[in-house]
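As a plain string of letters, each chain reads:
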Amino acid sequence: MITLNNIKKTYNKGTVSAVQNINFSVNKGEIFGLIGPDGAGKTTLFRILTTLLLADEGTATVNGFDVVKDYGKIRDCVGYMPGKFSLYQDLTIEENLNFFATVFGTTIRENYHLIKDIYVQIEPFKNRRAGKLSGGMKQKLALCCALIHKPVVLFLDEPTTGVDVVSRKEFWEMLKRLKAQGITILVSTAYMDEAKLCDRIALIQKGKILSIETPEKIVESFPVKLFAIRGGKAYKLLEDMRAFNGTDSCFAFGDALHVTFKNDENNTVLQYLDSKGHIGVSIETITPTVEDCFIRLLKK
Amino acid sequence: MRPVIKTDKLTKRFGAFVAANELTFEVEKGEIFGFLGANGAGKTTAMRMLCGLLMPSSGKATIAGFDVYTQTDQIKRRIGYMSQKFSLYDDLTVTENIRFYGGIYGMEIKEIKAKTLELLAELQLEKEAKTLVRDLPLGWKQKLAFSVSLVHSPDIVFLDEPTGGVDPVTRRQFWDLIYHAADKGVTVFVTTHYMDEAEYCNRVSIMVDGVIAALDSPAKLKKKYGYDNIEDVFYELARKAKRSE
Amino acid sequence: MKQLLVFIRKEFLQVFRDRKTLLMLFGLPIAQIVLFGFALSTEIKDSKIVVVDYAKDETSTQIITKIAGSRYFDVQQSLQSTAQLEAAFKKGIIKMAVVFPANFSKDLLHTNHATIQIIADASDPNTATTITNYITNIINTYNVQLANAAGQPLQIVPEVQMLYNPELKGAPNFVPGVMALVLMLVCTMMTSVTIVKEKELGTMEILLVSPFKPIYIIFSKLVPNLIISIVNLFIILILSSVFLDLQVKGSLLLLVFATTLFIVTSLSVGLLLSIGAKTQQAAMTSSLMGMMLPTMLLTGFLFPIENMPWLLQVLANLVPSRWFFIIVKRVMLEGLGFAAVWKEILILVAMCAFLLTISLRSFKIRLQ
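Residue positions are given per chain, counted from 1 along the sequence in the order it is written. The order in which chains are written sets their letters, starting at A; the order in which ligands are written sets their numbers, starting at 1. Only residues with pLDDT of at least 70 are given local features in this predicted model, and only at 80 or more are side-chain atom pairs given and counted; all residues enter the totals for whole chains, interfaces and linings. Only hydrogens and water are removed before side-chain values are computed, so all heavy atoms of the structure are retained for them.

## A few points about the interface of chain C and chain A
Two residues form a contact once any of their heavy atoms are found within 4.5 Å. On the side of chain A, 32 residues touch chain C, which itself brings 27 residues to the contact. Put simply, buried area is how much 1.4 Å-probe accessible surface two parts lose in total, over both of them, once they are put together. Counting each side, the surface lost to burial between chain C and chain A is near 2,800 Å², with a carbon and sulfur contribution of 62%. In terms of surface lost to chain A, no three residues of chain C exceed Arg17(C), Val209(C) and Arg366(C), which account for 26% of the buried area on that side. Salt bridge, as applied in this entry: a Lys or Arg side-chain nitrogen positioned within 4 Å of an Asp or Glu carboxyl oxygen. At the junction of chain C with chain A, the criterion picks out three salt bridges. With a closest N to O distance of 2.8 Å, Glu95(A) and Arg17(C) form a salt bridge. Think of a polar contact as two N or O atoms within 3.5 Å of one another; within protein, one of them needs to be a possible hydrogen donor and the other a possible acceptor, and neighboring residues in sequence only count if both atoms come from side chains. Counting across the interface, chain C meets chain A through nine residue pairs in polar contact (both at pLDDT 80 or more). Per the convention used, a helix needs a DSSP run of H or I reaching at least four residues, while a strand needs a run of E reaching at least two, with both numbered from the N terminus. Of all elements in the fold, only helix H1 (2-17), helix H7 (174-201) and helix H8 (203-209) of chain C reach the threshold of two or more residues within the side of chain C that touches chain A. Here the side of chain C that touches chain A gets eight residues from one element, more than from any other, and that element is H1(C). When the residues that make up the side of chain C that touches chain A are grouped by side-chain class, the tally is 12 nonpolar, six polar and nine charged. Residues are grouped as follows: Ala, Val, Leu, Ile, Met, Phe, Trp, Tyr, Cys and Pro are nonpolar; Asp, Glu, Lys and Arg are charged; all remaining types, including Gly, are polar.

## Considerations on the domain arrangement of chain A
Residue and element names in this part refer to chain A. For each domain, the first and last residues come from an automatic or database assignment. Considered domain by domain, chain A is made up of domain 1 (2-218) and domain 2 (226-299). Here the C-alpha centroids of domain 1 and domain 2 sit 37 Å apart. If you look at the interface, domain 1 gives 13 residues, while domain 2 gives six residues. Linking domain 1 with domain 2 are zero salt bridges. Where domain 1 meets domain 2, there are zero residue pairs in polar contact (both at pLDDT 80 or more). Elements with a contribution of two residues or more to the side of domain 1 that touches domain 2: strand S9 (200-205), strand S10 (208-213) and helix H7 (215-220). For the side of domain 1 that touches domain 2, the element with the most residues is S9, which contributes four residues.

## Some details on the sheet that holds strand S1 (residues 5-14) of chain B
All names here are of chain B. Strand order in the open sheet formed by four strands is S2-S1-S4-S5, and the pairing between neighbours is antiparallel. Each end of this open sheet is capped by a strand with a single partner; those strands are strand S2 (17-27) and strand S5 (66-67). In short, DSSP must find at least two bridges between two strands for them to pair. Alignment of S1 against strand S4 (residues 58-63), held across five bridges, turns out to be antiparallel. In the strand pairing of S4, Lys6 is matched with Thr62. Every angle, taken between N-to-C directions, lies between 0 and 180 degrees, and every axis is a line fitted to C-alpha atoms, over only the stretch in contact when it is a helix. Set on the sheet, helix H1 (residues 43-50) makes contact with S1, S2 and S4; between it and S1 the angle comes to about 120 degrees.

## Comments concerning the nonpolar core
Put simply, a nonpolar core is a bunch of buried Ala, Val, Leu, Ile, Met, Phe, Trp, Tyr and Cys residues held in one set by side-chain atoms that sit within 4.5 Å of each other. Burial classes: relative accessible area under 20% of the type maximum marks a residue as buried, over 50% as exposed, and values in between as partly exposed (1.4 Å probe, protein chains only). Residues Leu143(A), Phe155(A) and Leu186(A) are the most contacted members of the largest nonpolar core, which totals 150 residues. For this core, the element with the most residues is H7(C), which contributes 12 residues. Setting aside residues no more than four positions away along its own chain, Leu143(A) makes contact with Met81(A), Ile118(A), Leu154(A), Leu156(A), Phe171(A), Met174(A) and Leu178(A). Leu273(A), Leu120(B), Val157(B) and Ala182(B) belong to the second-largest nonpolar core, a separate cluster that totals 65 residues.

Structural data, given as structure tokens:
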């Protein structure tokens, strides 16, 4: 459904590089995640694919149409939710939705079945102005607006940024239901924990793709054993583990330290921590998360 | 130990709407306290009362021993504040930003100079001392903003969603700084949307509809609610919320 | 077509929900007209004048006494010669001078006809007109008395001379000036701000990605502003008729036509400004700074263009409001028809076509 070939884009007359040599394709009916921090180039890619920006080099297609030549046809068949998108603050929910439906040449009634699940949650407030909605409700309304014309491909640029956990969970539930209806979804996020909810993900940093895989395979490809160390005084433990000469990497992860060693068999570490005065320290092997993988890829 | 933040039935009403209802909790010196809640649960209101920016409707609270009703000036001298949205001036250099904040808190020029060098060294920003803040990567800006909020050696620092949008390595480097500050005895009061960050805290409170629905160490909360991560605990509590902003 | 209507409806909804913009839109013209209205209706009392009496006879002394007795005038002193007059005017000490020629009474008796010279400082045209009217009234009254007493028609004719601003540019000129200024500002600012607002909100991205044609976006931004501006035109016309007693002398239809032309020109300028601006604030500043100054300075209603250095005169020709100002003056104040303004209208048409083409061409269908 979406293909990118050697896409490159620079800003300020070539002095600032946004993305380089981007190649990937998204299959029909797939949720594909672009995972990376702010400034990684996610928004640039979205804008190239939605025909809003021209790439310096390379080609890309959406639904079989070229993003440069057939931009009109692409604009007919995609739904897009930009990162900063905040709707018309001074229009009500219903007015916003009606407006976007008409702009896309359709009516709310015609495609109501697509948005019904989402819309019923915000319908009680339909006469409230968008500027007075909570983050989660705004996000739902924005999704309704992006869906109202029954797009075959949906582009969602950081839809969950700044939204609380409850709304984020609900939002991903909605994406799953849309996927079941055959809509292809390209979604970007800075939250690593959302990666596991995608079918496939591309990890992106500083305009380059570090890896493209299913979340499971990315985790499987973690090359060394990962240990979780718990106990004692957190900050001291962190400092001491970093100072340990067998340590390859050591990062705080929630209540534990995630540690990799230069050599997977490491029996001396507990002794070492004991000698530093840590009491009740436990160590166990764990399955890496996508975030562990991302950190490891960044370190390289 | 004497608590640095102590509230007793702290309440804020806006007309008939009770934004924060009878909040009662204590935060110890050097503690990292996570302040969680869904959008609209009343976090911002509570935090503004504690910073002396908003007058409570009823209840008591002391910050670093000062009363939030009558001693807001003293409170402001004893706290640091950093939010994701605003902290540094984009069009001033790193050094100028530090000097500015030092000046605001009435520090001596000598003291500011010494502190500036110390900060730059700690952040390894010596080479960027004369760079405009706008030209720094986001992650560095956040680290700098945090350090600047500590420039006047406050007792407590309030962090309002400090780590949005940075990569996981930078996020951890940021938390290293927080740990370091707490280790030196600064109390850290932090709000975040990243639930894994909640697990870095010594204790967390979860606000739902204006009241504190849970307050304990992450480990005890997980045990109590029977989940293996804070995210699920949070979800369990927050989805019962009736109100949104 | 339905899409377009929905879009236009949305624009209206947004305008009417934004109290601040509304206030600016309709408050600005009202405030301007009312301000000028009050400024103009103030009665003039005790204007300082001098009398130069070369005649020194019974008739002249009688007239001087009458003038001095009027509450409108405060006779400063009697100068010995007109040579001292200019200095007094330049210092701004006096507003008017009344000069009796040496053979005043002789003329009156022998030819039944004499003149009094009245010289007024017309740099404040409003005051000058008013006080010369007062003095003419006094002289006319005296004429009637004199004729009755003598039993034959004797006539003293005041010879009025306006110094510094002989055409008396001023009072009524402000209305066309205010029209040009208000319409220009409102149109450019509204257009650029509403377009940039969509950019800031991110809604522009959605609209560009939608099948809705970019040209329609522009069109639906322009239509509401056009309508609002025409409403504004009528507000100004009604207010100036009520407050300033200034009615449209010529064809209203012609005036509305010319104004519409000018509005579309201004809207195109706004569109052009919006392309470069990234924030609403930037759009606002560039419309204010970029449009207000040239409109105020180079339109000709504050400062006569003929007296400017040649470079500014050339530049003034490029300012649309200059031509609009001329049209309004001729149609509204002088009551002239199409024949008198066709050249200016043609210039405006050309400017409008040029600006509209450029701005439509440079409106991006993609982001930068």
